[in-house]
Each structure stands twice: as structure tokens, then as C-alpha cells.
Amino acid sequence: MTVIPGALADHLTAQTITDTETAAALDGARRGRGRTLVIEPTSTRVLHVISAYAEAILENRKLHSAAEVRAARLWIQRAGHSAPAAEQASAAEQAPAAVRDEPSDWWTITDPATGEEIARVYGETWQDMTPRAEALPEVRAVIRAHKGFSRRRLYVSELTPAQLAEQAEAAAEPVVVRADQVAAGDTVLGCYPEQITVEDATPDTVIPHAEPYRAAPTPYQGGSHCQACAVFADHPGPVVTLAIDTPWDMCDPIPAADPVLIRRATAAEREQAAKERADTKQFDRSARAVDAVEYAEQVEANVETVEDAEAVYAAALVTEAEATDGTWRGDWIGEQPADDVLFVVDGTVEQGALFNDRATEQAPADREPVVVRMRPDRTALALLRAKAADDREAYRARMDERQAAEHRAYGAPVPAAVQARIDARRTATQAPERRVIEGVVVSHGGTAEGSKPKDATNPDVLAAREALAGLAVATLTDHHDVTEPTEEERNTRGYFVDPRTHGRVAVYWLEGGRIVRRDQMPHGPALDCLADRLKLRGWAVEKMLRSSQCVFAHRPATN
């Protein structure tokens, strides 16, 4: 049996294969894990035909996806290159085919002046390679000296064994694992719906992350750490946090048994992840040393070394922990037995002994309990509860919209509960229809050209309209929203004048009932046309920015 990688199998399925033996082998194939195909070739001719398709992908890699290129390269590594037609026709005269060299995913960075190689950097494209190269100190030195560097894609024959091994690791297809099997440095590509298990999960059914991220698994820190952690606060099983630093600025907690689609880290990525962890530990040690030295200076301790300062600081932390043990600073404060009492503190010690040596001494048995009463501000509590409810609702809305968008992008139906919540929110936030007030006589008929009806008689507006005579003018109502026009207002086009004060006006240009910016093509230059006309008629026009939405002009003085 022979396994064809998933992306290459999909490519072959979409092709019209004329070789009958290969077509028969593909027709009798069965699906393996993920999108792979398992075939039983009757001769090497089938393998040669598939290799020919893989070589065509590598020779025209710009026409194919990155997954197809990786799958084709993986097939060539396993099955070899295709044989010439003459060798396929006569197996008896078949000779070993010459191995063709092909471009790799490694680049050599050279000095533009001397041509000397500075470093080798991995990247499927030059866009992937460039930031990695610019992060190297030796490359940055060349950039400062020559304002740039030279690059060239290396061929496979030019790579070292270690570089070949790393390229083979990078070409590996994504795998589905349990969340607790994700290692530091692995790239998390996506997750799965709640009902999908690891055995049923495939790369085709994944909900991919818009921005994959590097995993740094840490223990679950409880529901109070962030909003994402709060979702799993009541989860019955174990939970693991795949990363704290994610593109969406929150943790990524997930049940330990849930499936996750990842791409295993290469040796270089694992080394980089280990280096980052070591740097983090070193930073923590340095920060603790700084805190210890500052504490020693504050208490005027007689220390000579950093180690002595850390010892004094550690002793202070232990002393503080012991001092709070057995007091209300280090323990909870009882239950609330009555409606008019917020909480009750049992009088185990005298109140004045909370922070002295008698903090843990037992009080006499006949001592009355100490009752603490307080009356919180009900208004402030209501505001806090309302803000927390709004924050929860906003977070749920963002998560529902993101989940719905990911389902639609990959052709999956949006869950009914999610869609119901989205529809309910849109109905609640929908603006009410405008009421028509009958019995009010409006002298301007409800509309005006070049301005809103309420500004139609303004002297500055009339002067600006006279200066802009001959240009397309917009017909507006008093309730026309130029940022979110209604359906009937989207046929409005032209300029309109908004008066300000002391002869200053703002002139806008509408397209589809909406104002346009100066840098918005193709209608943005209309603002320049309005400014030129006003300048020609003697108006003083203020300087516009690329993002300006209107022309500010000052009415010329009249003699």
C-alpha cells in the first residue's frame, strides 16, 4: 500500500488522468487519515505518473497553494522523481534517472559589497524570510552599512544535513492531538466544535484560527484570570491553557481531552521556544533581585551582596505571610446569618491583637461574637453589577459574531443558539422607524438643495451656493444621516453646505447619500474640485489632509 498526502490527493482527484493504470489505482483507493488516499499500485508506472504531477506542482509553485507544494515535496522524498517516457516503456532497459536539483525553502543572505555569505534563513517565501533575517545582529550590521542586503534561494544540493532535516520537519502536514499533548513551540492552527472527539477530528472539519499562534502551555489559572478563562470556570474535567499571549489579547483555555489542530515545531522553533522560556526565567530572577535590593535599601539593612539582599527579602515575605495567618487578611470572614448584617466575625481574638503575637490565641468561650455591620451604597453596587452585565454581554456578542463568521467562511451551518442570540441583539438594537408628525406645516416642503432645510436661508450658505453654482447639488432633509443613510437616501449625490460661525462653512460631497473622504477613490478628488471653485471665487480655503471629509472655507469680506 502507498499513501498519497492529502493536498496532493485532492489535486489528483481534480485532474483528468489519461493513464488507465493510474486512473484505475486512484478509483480503487480508499481514504486514510485526514485527506490522504491509500492506493495499491500494480506497477511502478503508477508511482511515476503521480511523481510527474508532483514535479509539475514544484515547477509551478506560484500557481498552487502552500499545502500542495508541501505535499508534492513530501511525495518526491518518499517515492522519488518520475522516470522518462522511454524508461517507462522498456523496463528491461531502465536506468536510474538523474536526480534533479530543485529550489529549497532556505535562503542565503550575502553582503552586497563582497558577496560573502552572512547567514542562512528559513522561509517558504521571501516575505516570510525577511523579518527573520532582519532579526539577526549580523544582518542588521550589513543593513546599516549598505542600506540593505542580498538574498538568494538555495537549492536542495546546497543544504547541510541539519537544514535538510529541518525542511522535512517544516513540510510535515498538520496533525490532530489532544489539548494536553500540545508542546511548547507548536503552532496552533484551529479548534473543533464541542461534540467532535480526537478520533473523529480531521483537518477538513477544523475551525481555523484567523491568526495561528505559537503554543506555550501553562496550567489553567481559574475563571478569574480573564474573560476566556471564566467560560471554563465550571467545567467538570481538567482544563489546559494553550497560551496566555494570543492574537486576541486573552488566554486560550480548552478542555484537556478536546482535539486541536497543530503543526509540530521544527528543531529551530523548539530551540527558539526554549530560549524564550530561559529569557523569561532570567528576567524573573533579575526582577526579584531588583526588588530585594530596593527592599534592603528601604529598611536600611546592612547587606553587601545581592544574595544577602535576597535572603533579607525572602525572610520579610515569610514574616508577612505568618503575620497574616489566622487574621482577616489571611483568611475568609465568616457567613452572613441575618438580613441586616453583611457578615459576622467570630471573636476568637481581641480586635487589637489581629496583628500581634496573640493573633492565633483562642478567646474565652464566654466572649460575645463580634458583629460587623456596614451599609454599602446600593447605587454604587447597582452600577457595578450593571457594568459587569454589560461587559459579559459585549464579550458574548463578540464571541458569537466570531463563531458565526468562522462557520460561514468554511461552509458550516451556524449553531441555532448562536444565531438566535445574534438575531435577538439585532432586533433589540434596531432603530425605530421615524414617525411622521401630522398637522405641522413646513415652509420649505421638507427638502432643500445644497443644505439641510433648516440652513437654507443662512447667509453663508447662500453665498457658498452662489460660488458653487453649476456643480451637482444634493437634495437633503433635516433628518438625513450622512454617515448611515437609509435606503431611500442612498440616491442622493452632490455637494451640500453646513454653516459654522463667523462666515466659516464646511462643504461636503455625497455619493450614495454618504460623505466621502479625500483619499477615497474614485470620488475623493471631488473635494479638491470644490476647494478650487471656492478659491476661484475669492473664498479662503483651509488646508486639507488626506483623510479630510470636507472643505472648510471662509466667506470673503464684502466692501
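Keep in mind the model is a prediction, meaning the values are calculated, not measured.

About the thresholds
Along each chain, residue indices are assigned from 1 in the same order as the chain's sequence is written. In keeping with the predicted nature of the model, local features appear solely for residues at pLDDT of at least 70, side-chain atom pairs appear and are counted solely at 80 or more, and the whole-chain, interface and lining totals rest on all residues. Think of the side-chain values as coming from all heavy atoms in the structure, minus any hydrogens and water. Scored from 0 to 100, pLDDT reflects the predictor's confidence in each residue. Working definition: helices are DSSP H or I runs of at least four residues, strands are E runs of at least two. Numbering for both runs from the N terminus. Whether two residues are in contact is decided by their heavy atoms: any pair within 4.5 Å suffices. By definition, a salt bridge exists where a carboxyl oxygen of Asp or Glu is found within 4 Å of a side-chain nitrogen of Lys or Arg. Residue exposure (1.4 Å probe, protein chains only): buried if accessible area is under 20% of the type maximum, exposed if over 50%, otherwise partly exposed. At least two bridges found by DSSP between two strands are what make those strands a pair. Here the expected span of a helix is defined as 1.5 Å times the quantity of residues minus one. As used in this structure description, the phrase polar contact means that two N or O atoms lie within 3.5 Å; if the pair is within protein, one of them must be able to donate a hydrogen and the other to accept it, and residues adjacent in sequence are counted only when both atoms belong to side chains.

**Notes on the confidence of the model for the protein**
Argument step 1. When pLDDT is averaged across the protein, the result is 79; 81% of the residues are at 70 or more.
Argument step 2. Element-level mean pLDDT values for the protein span from 46 in helix 5 (residues 85–89) up to 92 in strand 18 (residues 494–499).
Argument step 3. Across residues 85–99, confidence stays below pLDDT 50; counting only partners more than four residues off in sequence or on other chains, it has ten contacts.
Argument step 4. Per-residue pLDDT stays below 50 along residues 347–360; that stretch engages in 26 contacts with residues further than four places along the chain or on separate chains.

**Structural notes on the pattern of salt bridges**
Argument step 1. Tallied over the full model, the rule gives 21 salt bridges.
Argument step 2. The shortest N-O distance in the salt bridge between arginine 45 and aspartate 19 comes to 2.6 Å. Here the residue arginine 45 occupies a position in helix 3 (residues 44–59), and aspartate 19 occupies one in the loop between helix 1 (6–13) and helix 2 (20–27), the gap between them amounting to 26 residues.
Argument step 3. For aspartate 19, a relative accessible area of 13% gives the class buried.

**Examining unusual backbone geometry**
Argument step 1. Here methionine 521 and proline 522 are connected by a cis peptide whose omega angle stands at 5°.
Argument step 2. One non-glycine residue with positive phi stands out, namely lysine 147, at about 60°.
Argument step 3. One can find lysine 147 in the loop between helix 7 (137–146) and strand 6 (150–155).
Argument step 4. In this structure, histidine 502 is a non-glycine residue whose phi angle is positive, near 55°.
Argument step 5. Within the fold, histidine 502 resides in the loop between strand 18 and strand 19 (504–511).

**Let's talk about the pairing of strand 8 (residues 187–191)**
Argument step 1. With four of five residues buried, strand 8 is to be regarded as a mostly interior element.
Argument step 2. Across four bridges, strand 8 lies against strand 9 (residues 207–214) in antiparallel orientation. Each residue of the ladder has a partner; that of cysteine 191, found in strand 9, is isoleucine 207.
Argument step 3. Both strand 8 and strand 13 (residues 259–263) contribute to a ladder of four bridges, which runs antiparallel. Looking across to strand 13, one finds that cysteine 191 is bridged to valine 260.

**A few points about helix 12 (residues 378–409)**
Argument step 1. Between its terminal C-alpha atoms helix 12 stretches 46 Å, which fits the 46 Å expected from 32 residues at 1.5 Å a residue.
Argument step 2. Of the surrounding elements, those touching the buried residues of helix 12 are strand 9, helix 9 (227–231) and helix 13 (416–429).
Argument step 3. Just beyond helix 12, the residue with positive phi is glycine 411, at close to 75°.

**Quick word on the environment of arginine 493**
Argument step 1. Along the chain, the position of arginine 493 falls in the loop between strand 17 (475–476) and strand 18.
Argument step 2. With a relative accessible area of 48%, arginine 493 lands in the partly exposed category.
Argument step 3. The contact partners of arginine 493, leaving out residues within four places of it in the chain, are Ala472, Val473, Ala474, Trp509, Leu510 and Glu511.
Argument step 4. At a separation of 2.8 Å, a polar atom in the side chain of arginine 493 contacts the side chain of glutamate 511.

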